[in-house]
Amino acid sequence: MFRLRKFFNKNYYTLLLLVILLFAVITKSWQLYYPNEYVFDEVYAGFTAEQYAAGNNKAWVWDYPAPEGFAYNWDHPPLGRIIVSLPIRLLGQSSFSRRLAPMIAGVLLSFVVFKLSELLFPKNKFIPLVAAFLVACDGLVLTLSRIALVDSLLTLFITTSIYFLLKKKFFVSALFWGAASACKWTGVFVLAYVFVFFILHTKWSRDPKAILINILKLYKHMILYIAAGFVVYAFSFSFVFWHYGFDKIIELHQQMYWYHSHLVATHPSQSPAISWPLDLKPVWFWVNYQQDTIANIYAFGHPLIFWCGFVAVFFTFFLAIITRHKNLWFLLLAYPTAWLQWIDSPRIMFLYHYLPAVPIMCIILAFTLWFIWYHNAVLKAFVYFFLISVFITFWYFYPFWTGIPLSKPNVEQHRWLTTWR
């Protein structure tokens, strides 16, 4: 017993992380095959990944019709679907295999958030564990990890790129930035964050010669960063190049740009980007009506994490102004980079486009909880109460996020807001 206690005392930090990751694995992988049908946009991304695995060359480009009820998902770069196709190649075509890669990405996201928090707040054991826990408990992360879309992969690559950037491993960061951009063009906007990072890490002076040298260094860093990321992005199109040629890649990009810039569509679950932090409009992925029960899959954020996380952003902003803590600014700049790009977007938008901002928001919320916990002994109990409430609320909404049947009155009780319909 003494040795066991000694082992726990020595390794409790690592053990708690493992418990959080195990929790993420279990909750994200439980009955991953269910529903055993195509859910929401799996008829695009998941189906296309299956066609990649089956060797269907038509699935890579825009000018071939897909079977009725499906569509080839050529309107985004192909890396995400390539990765989704890997388990399908190994395990065969099934609802489980096409969701396996997004699920793994969702689990790894908690680990990367843990490492990023460690980097930003060294020697602080509270913030990394709580941030990883919050990511593991978030509903938007959960639902996007249990469906054959590429958003969990995109978010993992963006967060990992930011981690290596702050670690000053620029080449590795650029590779992950290229991987994110090769999943969706959303990843490209991380480059703005990279530019600001290099500016903040440059020692500026009023000497014109020193200013010129710094500008040249900044230019060199950005060129090298873009070049390394572009290699990954270009490599994702190697299949198209091999089978169709370079001209087809140019035409494909023109088609992709035209599609997103001219898309005119409406959807009952659409929502403006400005509303996403308030968790106002879930995306209704799937429903199954029975005589006495209804099974739903709604993609929306954990309400306590989203609402308190948004408040924490403002709290941290004012604290960063007062303390001038550079790492707080790195967090606060990363958050809008992953979100505000959508504010003026011309195309239809959904809450799940907010996903890349969620890991950063969870770190900000974890920092705020630590600040309260550390600076006010009376409010320590509140922090523990909040974390317990997050855990309990997670299980309360788990059926709503995963399609577990509920009685009809119970379904209504889960709709906390009138817009959650």
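Data block above holds the structure.
Bear in mind the structure is a predicted one, so any value in this text is a computation, not a measurement. (Residues numbered from 1 in each chain as written. Predicted model: local features only at pLDDT ≥ 70, side-chain atom pairs only at ≥ 80, totals over all residues. Heavy atoms only, no water.)

Another aspect to go through is the environment of Met361. Locating Met361 in the fold gives a position in helix α15 (residues 358-375). Accessibility expressed as a relative area gives 0% for Met361, which makes it buried. On a C-alpha basis, the gap between Met361 and Phe171 in space is 26 Å, while along the polypeptide they are 190 residues apart. If sequence neighbours within four positions are ignored, Met361 has contacts with Ile305, Phe306, Gly309, Phe310, Tyr335 and Tyr354. (Helix = DSSP H or I, 4+ residues; strand = E, 2+ residues; numbered from the N terminus. Buried < 20%, exposed > 50% of the residue type's maximum accessible area, 1.4 Å probe, protein only. Contact = heavy atoms within 4.5 Å.)

What follows deals with helix α4 (residues 95-120). Here α4 contains 26 residues, and its C-alpha end-to-end distance of 38 Å stays within 8% of the 38 Å for a straight helix at 1.5 Å per residue. Roughly 35 degrees is the biggest bend found in α4, and it falls at Ala101, with proline Pro102 one to four residues downstream. (Expected span 1.5 Å × (residues − 1). Bend = angle between axes of the 7 residues up to and from the residue.)

A word on the pattern of salt bridges. One pass over the structure, following the stated rule, counts seven salt bridges. Here Arg98 and Glu42 are joined by a salt bridge, their closest N and O atoms 3.3 Å apart. Here Glu42 lies in the loop between α1 (2-29) and α2 (45-54) and Arg98 lies in helix α4, a separation of 56 residues in the sequence. The salt bridge partner of Lys184 is Asp151, with a shortest N-O separation of 2.9 Å. Linking Lys184 in the loop between α8 (170-181) and α9 (190-200) with Asp151 in helix α7 (residues 151-166), this pair joins segments that are 33 residues apart in sequence. On the accessibility criterion, Lys184 (9% relative accessible area) is buried. Residues joined in a network through salt bridges with shared partners are Glu42, Glu50, Arg98 and Arg99. (Salt bridge = Lys/Arg side-chain N within 4 Å of Asp/Glu carboxyl O.)

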